[in-house]
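A closer look at the structure
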Amino acid sequence: EDKVVQSPLSLVVHEGDTVTLNCSYEVTNFRSLLWYKQEKKAPTFLFMLTSSGIEKKSGRLSSILDKKELFSILNITATQTGDSAVYLCAAEGTSYGKLTFGQGTILTVHP
Amino acid sequence: GAVVSQHPSWVICKSGTSVKIECRSLDFQATTMFWYRQFPKQSLMLMATSNEGSKATYEQGVEKDKFLINHASLTLSTLTVTSAHPEDSSFYICSARAGTAHYGYTFGSGTRLTVV
């Protein structure tokens, strides 16, 4: 059975701090690892990773995948209150498009 | 960018009634859409894969007769919760993949179902 585990489950920081969110996975016939940000409703896409060791960046966010150790990290630098959300990690395995989600990390950024 | 429109955003219904949720891809064609359910403080769980022109594929433990899925066109998939009960109250959300892999999967805005 495919499994995705995220840590920590929750994190409270102050503006300006840097955070690292972790995601480990066990997925049959791994295709890709995706990160999403979920605020009140639909998850919004952040990154899709398919290759090991290649960092993807978008502003203050960056992510990297390690296919040997089966994990990924999401970094957020200089956090802002608007970064407060649930961050979801999902792995795509054998079946095209079927995502297995982790439990999510609840990030709270205080002013 | 790719947009998936889902409605209604929220619905309250009485036990025993049926509720239909629609999911439309607005600027792309989606031969496959995915339906998820999310309980409070839990992550998204895939319920079924909706295939245009054919039967949906349901995940283990999901009752196909209770959660009817229809994908009659390349831009529309519907999920009908039949004979709803309070335990069906949840957040239902659809997703689809638009074109290139770079953009991952786009999610609809979700439907909050409350069965009273």
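Going by the structure above, here's the rest.
Description of the structure in this document. Predicted model only: the values in this text are computed from it and were never measured. (Residues numbered from 1 in each chain as written. Chains lettered and ligands numbered in written order. Predicted model: local features only at pLDDT ≥ 70, side-chain atom pairs only at ≥ 80, totals over all residues. Heavy atoms only, no water.)

Considerations on the overall build of chain B
A count of helices and strands for chain B gives zero helices and 11 strands. The C-alpha atoms of chain B give a radius of gyration of 13 Å, which matches the 13 Å a tight globule of 116 residues would have. Dimensions of chain B along its principal axes, counting C-alpha atoms only, are 40 × 30 × 25 Å. The burial tally for chain B puts 50% of its 116 residues in the buried class. Relative to all contacts within chain B whose residues are 6 or more apart in sequence, the contacts with residues 24 or more apart total 52%. Here chain B holds 10 positive side-chain charges and 8 negative ones, and the gap between their average locations is 4 Å. (Helix = DSSP H or I, 4+ residues; strand = E, 2+ residues; numbered from the N terminus. Rg over C-alpha atoms; globule rule 2.2 N^0.38 Å. Buried < 20%, exposed > 50% of the residue type's maximum accessible area, 1.4 Å probe, protein only. Contact = heavy atoms within 4.5 Å. Lys, Arg positive; Asp, Glu negative; His and termini not counted. Charge placed at Lys NZ, Arg CZ, Asp CG, Glu CD.)

Some words on the interface of chain A and chain B
At the interface, 18 residues of chain A touch 20 residues of chain B. On the chain A side of the contact with chain B, Lys41(A), Lys98(A) and Phe101(A) bury the most area, a combined 29% of that side's loss. Linking chain A with chain B are one salt bridge, by the criterion used here. Its salt-bridge partner being Lys98(A), residue Glu59(B) comes within 2.8 Å of it at the nearest N-O pair. Our enumeration of links across chain A and chain B arrives at six residue pairs in polar contact (both at pLDDT 80 or more). Contributions of two or more residues to the side of chain A that touches chain B are made by strand E4 (32–38), strand E5 (43–49), strand E9 (85–92) and strand E10 (99–101) of chain A. Of the residues in the side of chain A that touches chain B, the class split is 10 nonpolar, four polar and four charged. (Buried area = accessible area lost by both parts, 1.4 Å probe. Salt bridge = Lys/Arg side-chain N within 4 Å of Asp/Glu carboxyl O. Polar contact = N/O pair within 3.5 Å; in protein donor to acceptor, adjacent residues only side chain to side chain. Nonpolar A, V, L, I, M, F, W, Y, C, P; charged D, E, K, R; others polar.)

Points about the side chain of Thr82(B)
Among the secondary structure elements, Thr82(B) is positioned in the loop between strand E8 (76–81) and strand E9 (90–97). A polar contact of 3.2 Å, which involves the side chain of Thr82(B), links it to the backbone oxygen of Asp65(B).

Here we look at the nonpolar core
Generally speaking, a soluble globular protein has its nonpolar side chains buried in company with each other. Counting residues in hydrophobic clusters, the biggest one holds 24 residues, and the most contacted among them are Trp35(B), Phe67(B), Leu79(B), Tyr92(B) and Leu113(B). Counting residues per element, the ones that place at least two in this core are strand E2 (10–13), strand E3 (19–25), strand E4 (32–38), strand E5 (44–51), strand E7 (67–73), E8, E9 and strand E11 (111–115) of chain B. Excluding residues that lie within four positions of it along the chain, Tyr92(B) makes contacts with Gln6(B), Ile21(B), Tyr36(B), Arg37(B), Met47(B), Phe67(B), Leu79(B), Gly110(B), Thr111(B) and Leu113(B). In terms of nonpolar packing, the next biggest core, distinct from the first, is built from 22 residues, Val13(A), Leu21(A), Val27(A) and Leu74(A) among them. (Core = buried A, V, L, I, M, F, W, Y, C linked by side-chain atoms within 4.5 Å.)

Observations concerning unusual backbone geometry
Residue Pro8(A) is bonded to the preceding Ser7(A) through a cis peptide linkage, with omega at -10 degrees. The omega torsion of the bond from His7(B) to Pro8(B) falls at 5 degrees, within 30 degrees of zero and hence cis. Within the secondary structure, Pro8(B) is located in the loop between strand E1 (4–7) and E2. Although it is not a glycine, Leu70(A) sits at a positive phi angle of roughly 60 degrees. Tracing the backbone shows Leu70(A) in the loop between strand E7 (61–66) and strand E8 (71–76). Of the residues examined, Leu70(A) reaches a relative accessible area of 33% and is grouped as partly exposed. We note that Ala78(A) has phi near 45 degrees; this positive angle belongs to a residue other than glycine. Inspection of the secondary structure puts Ala78(A) in the loop between E8 and E9. Residue classification places Ala78(A) among the partly exposed positions, given a relative accessible area of 36%.

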